[in-house]
Amino acid sequence: MKAIRSFAVRASLPEPLRALQSIATNLRWSWNDRGVDLFRWVDEATWERSGHDPVRMLGLVPRERFDQLIDDEPFMAFLAAVAADLERYLREPRWYQAHTSSPPLRVAYFSPEFAITEALPTYSGGLGVLAGDHLKAASDLGIPMVGVGLLYRQGYFRQQLSSDGWQLERYPSFDPHDMPLTLMSSPDGAPLKIEVDMAGVSCAAQIWLAKVGRVGLLLLDCDIEDNGSFEREVTDRLYAGGSEHRLRQEIVLGIGGVKALKLAGYKADVYHSNEGHAGFMGLERIRELVWDHNLSWQEAIEAVRAGTVFTTHTPVPAGIDVYERDLMERYFSSFAKECGVSFDELNDLGSPPSAELPSGLFNMAIMGFRLAGRANAVSKLHGEVSRVMFGHLWPEVPHDEAPISSVTNGVHTSSWLGPEMAEVLGRRLPPGWAESVGARWEKVSEIPDLELWRARERARERLVYFVRRRLRAQSGPGQASPSESAWIDEVFDPGVLTIGFARRFAQYKRATLMLSDPDRLKSLLLSSERPIQIVLAGKAHPRDDGGKELIRQLVHFSRDSEVRGRFAFIEDYDMEVGRMLTQGVDVWLNNPRRPLEACGTSGMKAALNGALNCSVLDGWWDELYDGENGWAIGSREPFDDLGHQDLVDADALFDLLESEIIPRFYDLRDGSTPRRWVQRMKRSIATLGPAVTADRMLRDYTQHLYEPAARQGETLSADGFSHARALAAWALHIAERWDDVSVLEVEGEEAAAGVGEQRSVTAKVRMGRLQTEDLCVQLAHGRVGAAGELLSPELVNMAPEEQNDGVCLYRGVFTTEAPGLYGYAVRVLPSHQDLSHAMDLGLVTWA
């Protein structure tokens, strides 16, 4: 029987307990231990049964328990303290308020997934965890931000393993009324709804609000009665369905997200697209400017670019969403007409510039770069890889100068730090260190070895009991008799070196590298004197049979009766499993094929908890490993033969375990504490702590990307977008005349020089129909490499002097900086005060 009307019913709390509702509906409790303690105090069994969802839990607690709590004076005092702490957190000035005296910027952060808490299953893995940590850190720092995403009624899949170890997926349905969400409504109580066009069919979405501390998160939900069945399925599952389904989701996220911000009353100065999935937000903003401000297509593009930040997360083309031209035309031909351009002009935004590259596919990353004035990768190495990978977008520009910067990812300390390490650091570091800018991480060296080691032992013991509980749950009721499953009670040993590996099971991450020599692995697991134990977790994409096969191989090995007490695979990897593993292991293992890991953040979480990283020099580890704060597997030199690379790296991993890691862990020559191990722990925490936090990441984004984008966006929109109009006209003017520009002659002394000697260089530049103010002539100088290339050249802007008949003489002076073969070069770039980056137009003329 189907209801003809429906409405939400939530727990009705007695007046003295009303504060519980406001605490439950602000997700700050998910990274505030006192908030979690409060809900455990209400009813610990119901807290566990609700999946750590306080809204759902409060609906399950009997009225009698509420009456008991009202009479419990210590509880009521604790409730008042937690409520006052939340109110203070929401109102007091934070880092950003002290950082800026100008009007605050407002950032809209778009992402297809957000991992805030397992009670809100709108995430699959690393991208969502990063997005969730981004919002939490913005809240802690007081950065005005709003998140925009989708509410998936079935979330990402729950993982189960078959008897053969094969991953199976199930999709339970979630009721948003049972979650820490609020359905946004108009003053008359009607739900706020936006509409987007889906190939001629209207698709509506209602807007849910999640409060993430001081930050709002808008989640669009298409599963409403206004829609037909096809449209209701748009927000059914994360990363499921075929190409058209993904396109429809990204239309709702990008186009619908911009409309939702406007309808919900949020005004943004900066729009940040977390990967290309939300790229259509740029198209909607262009359409608004064309319609509301009478801008041309190119003028609107310039205005939109100025205030947009695009972050790329993938170092491989296969990780980028691409769509067939026919599909794009079906969904966007009418959109192009609304903007006053042909479909081809719109489609060009996502098409590669060269006929030599694959055509006919609309590339979301390419559109992301073209509609963003500022773009970044997520680690220094990933920045290098991205500048090469996307260098074809700026074919005349040297790869190292392509306009892609990098901001290395970070993790939200309070969300991932375990209670054992939090207690020690809270005692030894300045108050508020987890949210402060000036935490003195070097003071970790002053912590007594025994104190730090005891924290590590307690965390490892907690992990051991967690592994046993999960393995018993995985065995399932009725699947094994008590005698057959009794071995689980002895799984793992709290005193044994514990290694963790948990991540998405993509094939390049090489989860089975350790199985390349199973006998050698068994000898380490089963050593009578210095054993190790390994715990693994992770999901493969539902369509990635290669990744599922990796899981199957590991599960088969874990079920070997000889090693099952020392080797465990935990099903259904989620935030809770991630927390337990990164907080409890001694060594965090990461062995992808270099350089295919854009950043990777699980090792950062482990490092904050005192674990030592053992990783290939990829992602964040490539820039932060110093030789003493963990271990590097192999070297930076790649092999063309991937099979050979795997063998070399596997051998390097086993050598590290046998000769360095295991002996150091069990070295108790100075008593009961492995002091050499603890010294490396201290080095790891002290050097990595200040570098791997999401607070550092958000400060970098704010100072290097958000604030410049906000300033440029304000400039280009001022005076009826006069600067945007002028910039678009200038760019067209330059493009039409750039072929006239050339360097006719370069003169400079070539005799040997001493270090520190000044040299003058002149260059005659044909400007054609351009003026000196349109151009920047640069002198590049530095040491010369074996192939004649300048090595890390310094740049000097040359000054115009004589000008005659479209030719101008430029002069520049440089100082020789280093001994050896030295050289210089001259080039010409377009120049305009409103360009986001000198290489924006991709035009360079070399002498």
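For the structure, see preceding data.
Residues numbered from 1 in each chain as written. Predicted model: local features only at pLDDT ≥ 70, side-chain atom pairs only at ≥ 80, totals over all residues. Heavy atoms only, no water.

1. A short note on the packing of helix H12 (residues 297–306) against helix H27 (residues 694–737)
With their axes 8 Å apart at the nearest point, H12 and H27 run at an angle of 150° to one another. The angle between H12 and H27 places the two elements in the roughly antiparallel class. Crossing geometry of H12 relative to H27 is assigned as right-handed. Together, Gln298, Glu299, Glu302, Ala303 and Ala306 of H12 and Ala709, Gln712, Gly713, Leu716, Phe721, Ala724, Arg725, Leu727, Ala728 and Ala731 of H27 make up the contact between the two elements. (Axes fitted to C-alpha atoms, helices over the stretch in contact; angles between N-to-C directions. Helix = DSSP H or I, 4+ residues; strand = E, 2+ residues; numbered from the N terminus. Parallel < 35°, antiparallel > 145°, perpendicular 65-115°, else oblique. Left-handed = near helix turned anticlockwise from the far one by under 90°. Contact = heavy atoms within 4.5 Å.)

2. Thoughts on the sheet that holds strand S20 (residues 630–633)
Pairing in this open sheet of 6 strands is parallel, and the strands run S17-S16-S15-S18-S19-S20 from one edge to the other. The open sheet has two edge strands with one neighbour each: strand S17 (567–570) and S20. Pairwise comparison of adjacent strand axes, ignoring direction, gives a mean angle of 20° for this sheet. Relative to S17, strand S16 (residues 532–537) runs parallel, the two being bridged by 4 bridges. Directly across from Ala537, in S17, lies its bridge partner Ile570. Helix H22 (residues 575–584) contacts strand S15 (497–502), S16, S17 and strand S18 (587–590) of the sheet and is inclined by roughly 160° relative to S16. (Pairing = 2+ DSSP bridges.)

3. Brief notes about the pattern of salt bridges
The tally for this structure, following the rule as stated, stands at 64 salt bridges. Residues Glu48 and Arg40 are paired through a salt bridge, measuring 2.8 Å at the closest nitrogen-oxygen approach. On the basis of relative accessibility, which here comes to 28%, the residue Arg40 falls in the partly exposed class. A salt bridge links Glu244 to Arg330; the nearest nitrogen and oxygen atoms lie 3.4 Å apart. With Glu244 in helix H10 (residues 243–263) and Arg330 in helix H13 (residues 325–338), the pair connects residues that are 86 residues apart, well separated along the chain. Residue Arg330 is classed as partly exposed on the basis of its relative accessible area of 45%. Through salt bridges with shared partners, one network takes in Glu423, Arg427, Arg428, Glu451 and Arg458. (Salt bridge = Lys/Arg side-chain N within 4 Å of Asp/Glu carboxyl O. Buried < 20%, exposed > 50% of the residue type's maximum accessible area, 1.4 Å probe, protein only.)

4. Some words on helix H11 (residues 280–293)
With 14 residues, H11 extends 20 Å from end C-alpha to end C-alpha; this agrees with the ideal 20 Å at 1.5 Å per step. Counting buried positions along H11 gives 11 out of 14 residues, so the element sits mostly inside the fold. Buried residues of H11: Phe280, Met281, Gly282, Leu283, Glu284, Arg285, Ile286, Arg287, Glu288, Leu289 and Val290, and no others. At the C-terminal side of H11, Asn294 shows a positive phi close to 60°. (Expected span 1.5 Å × (residues − 1).)

5. Side note on the packing of H11 against H13
Axis separation between H11 and H13 bottoms out at 10 Å; the angle between their running directions is 25°. The pairing of H11 with H13 is recorded here as roughly parallel in orientation. Along the contact surface, H11 presents Phe280, Leu283, Glu284, Arg287, Val290 and Trp291, while H13 presents Met328, Phe332, Phe335 and Glu338. Of the residues assigned to the contact of H11 with H13, the class counts are 7 nonpolar, no polar and 3 charged. (Nonpolar A, V, L, I, M, F, W, Y, C, P; charged D, E, K, R; others polar.)

6. Examining the state of the cysteines
Enumeration according to the criterion identifies 0 disulfides in this entry. Left unpaired, Cys808 is separated from the closest cysteine sulfur, that of Cys776, by 12 Å. (Disulfide = S-S within 2.5 Å.)

7. Overview of the sheet that holds strand S21 (residues 742–748)
Read from one edge of the open sheet, 4 strands run S21-S22-S26-S25, paired in antiparallel fashion. Looking at the sheet topology across the chains shown, the edges are occupied by S21 and strand S25 (799–804). Pairs of neighbouring strands in the sheet enclose a mean axial angle of 25°, with direction left out of account. In the sheet, S25 pairs with strand S26 (residues 807–815) via 4 bridges, with the strands oriented antiparallel. Counterpart to Ala799 in the pairing with S26 is Arg811.

8. A word on unusual backbone geometry
For the bond from Arg594 to Pro595, the omega torsion is 5°, close enough to zero to count as cis. Residue placement: Pro595 occurs in the loop between S18 and helix H23 (602–608). Not every positive phi belongs to a glycine, and Glu275 is a case in point at roughly 75°. Considering the arrangement of structural elements, one finds Glu275 in the loop between strand S9 (270–274) and H11.

9. Quick notes on the packing of aromatic side chains
In this structure the tally under the stated criterion is 29 aromatic pairs. In this structure an aromatic cluster arises from ring pairing among Trp453, Trp631, Phe665, Tyr666 and Trp677. Here the guanidinium or amino end of Arg237 rests over the ring plane of Tyr171, the centre of that ring lying 3.7 Å away. Stacked on the ring of Phe230, the Lys or Arg Arg248 has its end atom at 3.8 Å from the ring centre. (Phe/Tyr/Trp six-rings, centres within 6.5 Å; stacked < 30°, edge-to-face > 60°. Lys NZ or Arg CZ within 6 Å of the ring centre and 35° of its normal.)

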